[in-house]
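# Survey of secondary and tertiary structure
Chain by chain, the residues run as shown.
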Amino acid sequence: MPVPVSQIWTVSSYVLRQKLSGRKQYPLVLMLEPLFRCNLACAGCGKIQYPAHILKKDLTPEECFRAVDECGAPMVSIPGGEPLMHPQIGEIIAGLVARKKYIYLCTNALLLKEKIHLFQPSKYLTFSIHLDGQREEHDLAVCREGGYDIAVDAVKEALRRGFRVTTNTTLFDGANPKSVRAFFDEMMDLGVEGMMLSPGYSYDKAPDQKHFLGRARTRRMFRAILSNRKKRWRFNLSPLFLEFLMGKRTYPCTPWGMPTYNIFGWQKPCYLLQDGYAETFSELLATTEWSNYGTESGNPACANCMVHSGYEASAVNATFSSLAGFLATVKATLFTTYKDDEALKMLEEPQAPVHPLIQIAPTTQSLEEARTT
Ligand code: SF4
């Protein structure tokens, strides 16, 4: 199932309205975090390190609806934590569907088959399944043997029931490009609507040569992965953002394009950093020192960052900012396979072996177990 035309129209007309009204800082996707607890403890995740009394808290459905209404973004991404552990997730999703928001419910899928009866298939609802590569790579990334098989099983069940399904993949330095490309084939064979990709965010920041090389390594990795693209691969991302990851374009960070709301309020400045909170979205826009953020700001916390929550809204904005941007997007969507002989050679470079799996929780442990216990 391709992205519905109604979604393309809703998002395009929304962005055009913002541009025509001269609004410089507009939200595109609300990152709504209704809880922080999770039934996994992935090595690359910085979201579950809170003390137990924080991990026990949930946003109420009313708090979620207020944030969505206040923000006005046409799309809502629900990460976490694991949203399926929220006791009222069915109610939250139903309320957002009623508001005609395009929702990406990001889940590791461990509970999806068990909770799928809470949801109705809708063009507004997409399950965005966290899968970080082929079986070995994914199980290693989520520190849970069997995680890949459970997630793939859930993808099949959701598709069988008529839901929209995408995958959601975070790639860290050292990912094997050949394996990632094989993973794309596997996901397309499963029949998912599209694939989302983002580089992982490293909290180890210092403004030195090492960090420059870090960003360069990210670009090199994505160039190897995304060049010589197969026509059957479908990505649920701005094509210009993919070109940004490949090092073909540069954009400033526009973190207000994907603002984050969670139990603390509106998070400054972005999904990754926590430099304070605002009570309202307007206050977030008015009181955040935006010039202190983004790679060009010199802020060491931003030095290596190329994540989608900072830069995808920038790429979408570029599409609608000029005829050249629009034509580049059309070309990238319809006509380009990014032929690149150098990138083909990169695929044959020796790769470091995958490290042995670190099993954080025993496989017999209940999937319902939260980190609050
Ligand atoms: S570059 Fe942007 S998205 Fe990345 S950490 Fe800085 S403010 Fe956040």
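Note that the coordinates shown come from a computational prediction; the quantities given were computed from them, not determined experimentally.

The rules behind the values
Residues numbered from 1 in each chain as written. Predicted model: local features only at pLDDT ≥ 70, side-chain atom pairs only at ≥ 80, totals over all residues. Heavy atoms only, no water. Pairing = 2+ DSSP bridges. Helix = DSSP H or I, 4+ residues; strand = E, 2+ residues; numbered from the N terminus. Axes fitted to C-alpha atoms, helices over the stretch in contact; angles between N-to-C directions. Contact = heavy atoms within 4.5 Å. Near = heavy atom within 4 Å. 1 Å grid on protein atoms, 1.4 Å probe; cavity = no way out; pocket = protein on both sides within 12 Å on 5 of 7 lines; lining within 4 Å. Sits in = over half its atoms within 2 Å of the grid points. Nonpolar A, V, L, I, M, F, W, Y, C, P; charged D, E, K, R; others polar.

As a further point, take the sheet that holds strand 9 (residues 274-278). Sheets are built from strands that pair by backbone hydrogen bonding, the pairs being arranged parallel or antiparallel. Within the open sheet, the 9 strands sit side by side as 6-5-4-3-2-1-7-8-9. Their pairing is mixed. Two strands bound the open sheet, and with one partner strand each, they are strand 6 (194-199) and strand 9. Going across the sheet, the axis of each strand differs from the next one's by a mean of 30°, ignoring polarity. By the bridge criterion, 5 bridges tie strand 3 (residues 102-107) to strand 4 (residues 125-130) in an arrangement that is parallel. Looking at strand 4, one finds that Thr107 is bridged to Ile129. Strands in contact with helix 3 (residues 61-71) are strand 1 (29-32), strand 2 (75-78), strand 7 (260-262) and strand 8 (265-269); relative to strand 1, the strand with the most contacts, it is inclined by about 160°.

Moving on: the site of the ligand. Lining the immediate surroundings of the ligand are Tyr201, Cys253, Cys270, Leu273, Tyr293, Gly294, Ala301, Cys302, Cys305, Gly310 and Tyr311. Taken atom by atom, the bulk of the ligand overlaps the largest cavity. Grouping the constituent residues of the shell around the ligand by class yields 9 nonpolar, 2 polar and no charged.

Looking at where Gly191 falls in the secondary structure, it is placed in the loop between helix 8 (177-190) and strand 6. Distance in space between the C-alpha atoms of Gly191 and Leu159 is 7.8 Å, their sequence separation being 32 residues.

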